[in-house]
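Analysis of the macromolecular model
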Amino acid sequence: MEIMTENELWYDFVQQQLPVVEQLLQAYCFCQLTKPFMVKKERAWCAGAVYLLTMMILYAINYHPGSSTAVSIGLFAALIVMCWSDRRNYEQKIFLTMTFYSICWLASAIAEILYDILYDFATHTDYMESHGTKEWGVLYVGMSVFYIALKIPVMLAGIRCILKVYVYKSVNMTKKELCMLLAPLVMGTGGFETIHYYRRFYILETGSNINAYDVRAVVYYTVSIAVIVVVIWLYQSIRANQEEKLQNELLASQVDSIRRHIRQVELLYQNIRGTRHDMANHILTLERLYAGNRMDEAREYSTNLKAALSGAAGEIKSGNPVTDVILQEWKSEAEKNKIRFHSDFYYPSGSDINAFDISVILNNALQNAVENVEQCETPYISIRSYHRNNAYMTEISNSFTGSLQWDYESGLPVTSKKEKDSHGYGLANIRRVAEKYSGDIAVDVKNGEFRLSIMLMMEK
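Residues numbered from 1 in each chain as written. Predicted model: local features only at pLDDT ≥ 70, side-chain atom pairs only at ≥ 80, totals over all residues. Heavy atoms only, no water.

A few words now on the sheet that holds strand E3 (residues 391–399). Pairing between the strands of a sheet comes from backbone hydrogen bonds, and it takes one of two forms, parallel or antiparallel. One open sheet holds the five strands; their spatial order is E1-E2-E3-E7-E6, and the pairing between them is mixed. Of all strands in the sheet, those bounded by a partner on one side alone are strand E1 (340–344) and strand E6 (440–446). Each neighbouring strand pair of the sheet contributes to a mean axis angle of 15 degrees, computed without reference to strand direction. Where strand E2 (residues 380–388) lies against E3, eight bridges are found, and the strand directions are antiparallel. Note that in E3 the partner of Arg-388 across the bridge is Ala-391. Each of E1 and E2 is contacted by helix H11 (residues 321–336), which is oriented at about 160 degrees to E1, the strand it contacts most. (Pairing = 2+ DSSP bridges. Helix = DSSP H or I, 4+ residues; strand = E, 2+ residues; numbered from the N terminus. Axes fitted to C-alpha atoms, helices over the stretch in contact; angles between N-to-C directions. Contact = heavy atoms within 4.5 Å.)

Here it is, written out as structure tokens:
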């Protein structure tokens, strides 16, 4: 039985540990790619740990972790963990897994070619040809470290570019978008498999490689990574245009709503002027009834007159005719849908807060509330306002039995294009108004209630 020397034992140990280090670093790269897309960051680390554990188990049973099958099994296990721990946007998780797979092999191919070129150059130097096993062992270990040191930065650079251009990380990805984004991944990985196969076949047959061919292959792999990044950037640009279009449509709708409110205010004032014009006749009629001691008729006439005045002025009096009309319209809409509506809202008269901005807040908030209470057993909407020092606060509460998906970057519920506003774009518009007055909004969901709090800062 042949006994290994101390140097051979050390090199054998290093050779066994290098794949472990490589897979550890790959797991780190996987976490870096998936972490910004997960609701809780530790779930990305958990998926990365499962990937690493799977690869180590395969390595322990003599299944080389550098094979495409082993990497596929490891990533499939990580994908299952991601989908189980964060049960949303499964198409996006599939895309991220496939992206990592493609980036991993393209970076590996670049590192392998540069490794082969440098190793071939080193082995043909006079120094290596005149030295023994120890120096060759050192060269092998050093080149293996070089391979890992080159592969991982290339992967991280590609991942960093992807994360930079992938802006709308919390938006759901459709199946059609997934198919579109997978196209450059399939082409890049397929090209790698073809080039890699024929390159290894040529090296095995001839015992050497063609440097010019290798340079073209490196260029192809680099361009493939760039194409992946560019396609994601184009996808996000399309998404940005869609978001802008939706925002413009919502703004146009709000402008039309404000115009309608202005017409309602004008009609309200016309009714009030008409009532005031007839007031002299009403007073004269009441005087004649009282003079004739016809008290019952006078009281009935007075009651009818009060009802007419109340109808002309509206039930809600918030201190501003525009907000009066908005609140009255949404109260009528709520009552029509059998929703209990309570208003304790007042307009901050004498402040620098514009009535148009308040109307944007009320319309968006009350529209969200009306749309999201219909499924409740006892639906209600409540609005109140108050101020503390120069902080003007508005709170809109409504019954809510559903669940919300949150965008943890903005702190707001995620908007789904397939549904109505769903506390999404409306809240973004409300926040913009609040920020205009150096304020902000807060959303709280608990005990079957959705509560929106808006703070606006008034000038002292």
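The subject of this paragraph is the nonpolar core. Membership of the largest hydrophobic core comes to 62 residues, with the highest contact counts inside it found for Phe-95, Phe-100, Met-155 and Tyr-221. Contributing elements (two or more residues each) for this core: helix H1 (6–34), helix H2 (41–60), helix H3 (68–85), helix H4 (90–123), helix H6 (133–165), helix H7 (175–206) and helix H8 (211–277). At 15 residues, H4 tops the list of elements feeding residues into this core. Discounting chain neighbours no more than four positions away, the residues touching Phe-100 are Gln-26, Cys-29, Phe-30, Leu-33, Leu-75, Met-155 and Ile-159. (Core = buried A, V, L, I, M, F, W, Y, C linked by side-chain atoms within 4.5 Å. Buried < 20%, exposed > 50% of the residue type's maximum accessible area, 1.4 Å probe, protein only.)

Looking now at the pattern of salt bridges. Charged atoms that come close allow side chains of opposite charge to pair. For the coordinates displayed, the defined rule picks out eleven salt bridges. Between Glu-177 and Arg-239 there is a salt bridge, and its shortest N-O distance comes to 3.0 Å. Here Arg-239 lies in helix H8 and Glu-177 lies in helix H7, a separation of 62 residues in the sequence. Arg-239 sits in the buried class, given a relative accessible area of 4%. The residue Arg-451 makes a salt bridge to Glu-449 at a minimum N-O spacing of 3.1 Å. The class for Arg-451 is partly exposed, based on a relative accessible area of 33%. The structure contains a network of salt bridges with shared partners spanning Asp-86, Arg-88 and Lys-93. (Salt bridge = Lys/Arg side-chain N within 4 Å of Asp/Glu carboxyl O.)

Attention now goes to the packing of H11 against helix H12 (residues 355–372). Close contact between H11 and H12 brings their axes to 10 Å; oriented N to C, the two are set at 5 degrees. Relative to H12, H11 is oriented roughly parallel. In this structure, H11 uses Val-322, Thr-323, Ile-326, Leu-327, Trp-330 and Glu-333 to contact H12, whose residues at the interface are Ile-358, Ser-359, Leu-362, Asn-363, Leu-366, Gln-367 and Val-370. (Parallel < 35°, antiparallel > 145°, perpendicular 65-115°, else oblique.)

Scored by pLDDT, the protein chain comes out at a mean of 82, with 82% of its residues at no less than 70. Overall, residues 416–423 carries pLDDT values under 50, and its contacts beyond four positions in sequence, including any with other chains, amount to 20 contacts. (pLDDT = per-residue confidence, 0-100.)

What follows concerns H2. For H2, spanning 20 residues, the distance from its first C-alpha to its last is 29 Å, which sits close to the expected 28 Å at 1.5 Å a residue. Of all the positions in H2, only Ala-44, Ala-47, Gly-48, Tyr-51, Thr-54, Met-55 and Leu-58 are classed as buried. On an axial view of H2, the arc spanned by its buried residues comes to 120 degrees, and they lie on one face. With respect to the buried face of H2, the exposed residues turned more than 90 degrees away are Glu-42, Leu-53 and Ala-60. Positive backbone phi, approximately 65 degrees, marks Asn-62, located one or two places after H2. (Expected span 1.5 Å × (residues − 1). Arc of directions from axis to C-beta.)

Let us look at unusual backbone geometry. Although it is not a glycine, Asn-89 sits at a positive phi angle of roughly 50 degrees. Examined against the element boundaries, Asn-89 turns out to sit in the loop between H3 and H4. Phi at Asn-447 is positive, roughly 55 degrees, even though this residue is not glycine. Locating Asn-447 in the fold gives a position in the loop between E6 and strand E7 (449–457). Accessibility expressed as a relative area gives 78% for Asn-447, which makes it exposed.

A few words on the packing of aromatic side chains. Per the stated rule, a full pass over the model turns up 15 aromatic pairs. Plain terms: the ring middles of Phe-30 and Phe-100 are 5.3 Å apart, the flat faces sit at 80 degrees to each other, and that makes the pair edge-to-face. Residue Phe-30 is located in helix H1, and its partner Phe-100 is located in helix H4; the two are separated by 70 residues in the primary sequence. Note on accessibility: Phe-30 and Phe-100 belong to one class, buried. When the centroid spacing of 5.8 Å and the interplanar angle of 85 degrees are considered together, the rings of Tyr-346 and Tyr-392 count as edge-to-face. Placement of the pair is Tyr-346 in the loop between E1 and H12 and Tyr-392 in strand E3, with a sequence separation of 46 residues. A residue is classified by how much of its surface remains accessible, and Tyr-346, at 28% relative accessible area, is partly exposed. Here Lys-169 stacks its cationic end above the ring of Phe-37, 6.0 Å away from the centre of that ring. (Phe/Tyr/Trp six-rings, centres within 6.5 Å; stacked < 30°, edge-to-face > 60°. Lys NZ or Arg CZ within 6 Å of the ring centre and 35° of its normal.)

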